[in-house]
Amino acid sequence: NSKVIQTPRYLVKGQGQKAKMRCIPEKGHPVVFWYQQNKNNEFKFLINFQNQEVLQQIDMTEKRFSAECPSNSPCSLEIQSSEAGDSALYLCASSLWDWGGQDTQYFGPGTRLLVL
Amino acid sequence: TQTVSQSDAHVTVFEGDSVELRCNYSYGGSIYLSWYIQHHGHGLQFLLKYYSGNPVVQGVNGFEAEFSKSDSSFHLRKASVHWSDSAVYFCAVSARNYNQGKLIFGQGTKLSIKP
């Protein structure tokens, strides 16, 4: 069973409000991924980190999304100004590092964001 | 561009039946293929993964999957399903050696188990 911790489990925000969610990866996993899963079960990769460094991220239009993985603190994903279309399940996953992508990603329970 | 296709949106079987959930992928290079399960209201739980060697991969809870390069498929099977197997199943692909390991998911197959 995965030991990735995500908080909060549920988040309700009004349009224009900030929404912040956190993730604690499995112990010893240096790589963290964030994905967005919408109500149609479509997944969008958002960003990934190795330790504190960004490896890859999508073109987060309007710069509304920001993420970080500081040393000795939970990783976080923040939406600066929430929009209705941001309503989704945000999933954090962690893995060991392998340049070939071999290592399995283990997911947390997700943060379900509802933007009213 | 990598794509993953799960042709069946919904599969219904009786408890104790066997089941096969289909996954086809499109990619020209070397890849890793995985299956995940998502119970209602929960995150994704890893089932199994193929990256080389024996094309039949054993996973948790009696699931197995078979990789076929010729068919570009990675179908998931279970010989005898239990009611607790009711969930949505996702097939995922990641490319070797680039894309930093990000997963590309299929559309998901909802498995319903009748008593």
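Going by the structure above, here's the rest.
Residues numbered from 1 in each chain as written. Chains lettered and ligands numbered in written order. Predicted model: local features only at pLDDT ≥ 70, side-chain atom pairs only at ≥ 80, totals over all residues. Heavy atoms only, no water.

When its secondary structure is counted, chain A shows 0 helices and 11 strands. Moving toward the C terminus, one meets the helices and strands of chain A in the order β-β-β-β-β-β-β-β-β-β-β. For chain A, whose C-alpha radius of gyration is 13 Å, the value lies close to the compact-globule estimate of 13 Å for 116 residues. Seen along its three principal axes, the alpha-carbon backbone of chain A occupies a region of about 40 × 30 × 30 Å. Out of the 116 residues in chain A, the part that is buried amounts to 44%. For chain A, contacts bridging at least 24 residues in sequence account for 53% of all contacts bridging at least 6. Of the roughly 5900 Å² of accessible surface on chain A, 47% is carried by carbon and sulfur atoms. (Helix = DSSP H or I, 4+ residues; strand = E, 2+ residues; numbered from the N terminus. Rg over C-alpha atoms; globule rule 2.2 N^0.38 Å. Buried < 20%, exposed > 50% of the residue type's maximum accessible area, 1.4 Å probe, protein only. Contact = heavy atoms within 4.5 Å. Areas by Shrake-Rupley, 256 points an atom, 1.4 Å probe, with all protein chains shown as cover.)

A few words now on a nonpolar patch on the surface. A surface patch of nonpolar side chains, amounting to about 300 Å² of accessible area, comprises A:V12, A:L114 and A:L116. Inspection of the secondary structure assignment puts A:V12 in strand β2 (residues 10-13). (Patch = residues over 30% accessible without salt bridge, like charges linked within 9 Å, V, L, I, M, F, W, Y side chains within 5 Å. Salt bridge = Lys/Arg side-chain N within 4 Å of Asp/Glu carboxyl O.)

In this section: the pattern of salt bridges. Residue and element names in this part refer to chain A. Evaluated as defined, the whole model comprises 6 salt bridges over all chains. Across the salt bridge formed by E83 and R64, the nearest N and O atoms sit 3.5 Å from each other. Here the residue E83 occupies a position in the loop between β8 (75-79) and β9 (88-95), and R64 occupies one in the loop between β6 (53-57) and β7 (65-68), the gap between them amounting to 19 residues. Via salt bridges that share partners, R64, E83 and D86 belong to a single interconnected network.

To continue, consider the nonpolar core. All names here are of chain B. Counting 27 residues, the largest nonpolar core has W35, L47, L48, F74, L76 and Y89 as its most contacted members. Of all elements in the fold, only β2 (10-14), β3 (19-21), β5 (31-38), β6 (45-50), β8 (63-68), β9 (73-78), β10 (87-95) and β12 (109-114) reach the threshold of two or more residues within this core. Contact partners of F74, with chain neighbours within four places excluded, come to C23, L33, S34, W35, L48, K49, Y50, A65, E66, F67 and C91. (Core = buried A, V, L, I, M, F, W, Y, C linked by side-chain atoms within 4.5 Å.)

On to the state of the cysteines. Residue and element names in this part refer to chain A. Per the stated rule, a full pass over the model turns up 3 disulfides over all chains. Paired through a disulfide, C23 and C92 show a sulfur-sulfur distance of 1.9 Å. Linking C23 and C92, the disulfide has an S-S dihedral of approximately -65° and is accordingly described as left-handed. Residue C23 is found in strand β3 (residues 19-24), and its partner C92 is found in strand β9; the two are separated by 69 residues along the sequence. (Disulfide = S-S within 2.5 Å.)

Under the defined criterion, the tally for this structure stands at 17 aromatic pairs over all chains. With a centroid separation of 5.8 Å and 85° between ring planes, the pair formed by A:Y35 and B:F105 is classed as edge-to-face. With A:Y35 in strand β4 (residues 31-37) and B:F105 in strand β11 (residues 104-105), this residue pair bridges two chains. By relative accessible area, A:Y35 is classed as buried at 0%. An angle of 85° between the planes, with centres 6.4 Å apart, marks the rings of B:F90 and B:F105 as edge-to-face. (Phe/Tyr/Trp six-rings, centres within 6.5 Å; stacked < 30°, edge-to-face > 60°.)

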